[in-house]
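# Report on the structure
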Amino acid sequence: MKTGTLTLLTAGIYRFWATTRLRRWYWSSVRPGGMPLEYTGTALEKLIGFLIAIIILAIVLTAANLIALTLAVDVVQQFEQLPFLTLATAGLIFVPLWYVASYRARRYLLSRTRWRGIRMAMSPGGWGYAWRACLYGALNILSLGMLWPLKTYRLEKFLTDRS
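Residues numbered from 1 in each chain as written. Predicted model: local features only at pLDDT ≥ 70, side-chain atom pairs only at ≥ 80, totals over all residues. Heavy atoms only, no water.

## Describing the overall build of the chain
Counting secondary structure elements, the chain contains 6 helices and 3 strands. Written out in order from the N terminus, the α and β elements of the chain read α-α-β-α-α-β-β-α-α. Its C-alpha atoms give the chain a radius of gyration of 20 Å, clearly above 15 Å, the size a compact globule of 163 residues would have. Projecting the C-alpha coordinates of the chain onto the three principal axes gives extents of approximately 65 × 45 × 25 Å. Classification of the 163 residues of the chain by burial places 25% in the buried group. Residue pairs in contact within the chain that sit at least 24 positions apart in sequence constitute 53% of those at least 6 positions apart. Of the roughly 11,100 Å² of accessible surface on the chain, 71% is carried by carbon and sulfur atoms. (Helix = DSSP H or I, 4+ residues; strand = E, 2+ residues; numbered from the N terminus. Rg over C-alpha atoms; globule rule 2.2 N^0.38 Å. Buried < 20%, exposed > 50% of the residue type's maximum accessible area, 1.4 Å probe, protein only. Contact = heavy atoms within 4.5 Å. Areas by Shrake-Rupley, 256 points an atom, 1.4 Å probe, with all protein chains shown as cover.)

In structure tokens:
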């Protein structure tokens, strides 16, 4: 009730502090070998990460619109196709970024988790994960979903091998 009220009163800004508080509580409730996990992340880290993500999102959207506008003027010379070109360009840019962001989110969580003083970690590899995920996604589309289990297995293996 407290975190919900504070989140409403601060127009969503308190969400980062609420998430940190909940993660600390959840992590302390998990006790492998009788010893609790410890979450060491801070709300300010999450807030700064969110602001950086918004800035990157704005830059990517601007670039996608400029590329689509250039294609519409130079190549197609028909502005009716501008919305389609904008969506296609943004999609080609956002799909890999989505996978990089999900990899980095997992890496962040692991780097802020401790057990018995041992800090968890994940080696860098967000872009490697992204291109693999895009490749398996394309193969999955071409196979009409038959390769979904392979995609899931290989991507989880990639994540686990680097944890």
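## Some words on a nonpolar patch on the surface
Nonpolar side chains collect at one region of the surface, where Phe50, Leu51, Ile54, Leu57 and Leu61 lie side by side and expose about 410 Å² of accessible area between them. Examined against the element boundaries, Ile54 turns out to sit in helix H3 (residues 43–76). (Patch = residues over 30% accessible without salt bridge, like charges linked within 9 Å, V, L, I, M, F, W, Y side chains within 5 Å. Salt bridge = Lys/Arg side-chain N within 4 Å of Asp/Glu carboxyl O.)

## Some details on the environment of Leu66
Relative to the elements of secondary structure, Leu66 occurs in helix H3. Residue classification places Leu66 among the exposed positions, given a relative accessible area of 52%. For the pair formed by Leu66 and Ala11, sequence separation is 55 residues and the distance between their alpha carbons is 32 Å.

## A closer look at the sheet that holds strand S1 (residues 37–39)
Sheet strands line up and pair through hydrogen bonds in the backbone, either parallel or antiparallel. Strand order in the open sheet formed by 3 strands is S1-S2-S3, and the pairing between neighbours is antiparallel. Each end of this open sheet is capped by a strand with a single partner; those strands are S1 and strand S3 (118–119). As paired elements, S1 and strand S2 (residues 113–115) share 3 bridges and run antiparallel to each other. From the neighbouring strand, Glu38 faces S2, where its bridge partner is Arg114. Helix H2 (residues 15–29) rests against S1 and S2 of the sheet, and its axis sits at about 170 degrees to S1. (Pairing = 2+ DSSP bridges. Axes fitted to C-alpha atoms, helices over the stretch in contact; angles between N-to-C directions.)

## Regarding the side chain of Ser111
Mapping Ser111 onto the fold places it in helix H4 (residues 82–111). A residue is classified by how much of its surface remains accessible, and Ser111, at 13% relative accessible area, is buried. Of note is the side chain of Ser111, whose polar atom sits 2.9 Å from the backbone oxygen of Tyr108. (Polar contact = N/O pair within 3.5 Å; in protein donor to acceptor, adjacent residues only side chain to side chain.)

## What about helix H5 (residues 126–142)?
Between its first and last C-alpha atoms H5 spans 24 Å; for 17 residues at 1.5 Å apiece the expected length is 24 Å, and the two agree. Among all positions in H5, only Gly126, Gly128, Tyr129, Ala130, Ala133, Tyr136, Gly137 and Asn140 are buried. A positive phi of about 55 degrees marks Leu144, the residue just after H5. (Expected span 1.5 Å × (residues − 1).)

## A few points about the nonpolar core
Side chains that are nonpolar tend, in soluble globular proteins, to be buried together. Grouped together as the largest cluster of nonpolar side chains are 11 residues: Tyr99, Val100, Tyr103, Met122, Tyr129, Ala130, Ala133, Tyr136, Leu155, Phe158 and Leu159. Within the residue set of this core, elements represented by two or more residues are H4, H5 and helix H6 (148–161). A per-element tally of this core places H5 first, with 4 residues. When residues no more than four places from it in sequence are discounted, the contact partners of Tyr103 are Met122, Ser123, Pro124, Gly125, Gly126, Tyr129, Phe158, Leu159 and Arg162. (Core = buried A, V, L, I, M, F, W, Y, C linked by side-chain atoms within 4.5 Å.)

## Topic: the side chain of Thr20
Looking at the element boundaries, Thr20 is found in helix H2. For Thr20, the side chain forms a polar contact with the main-chain oxygen of Phe16, separated by 2.9 Å. The contact partners of Thr20, leaving out residues within four places of it in the chain, are Tyr39, Gly41, Thr42, Ala43 and Lys46.

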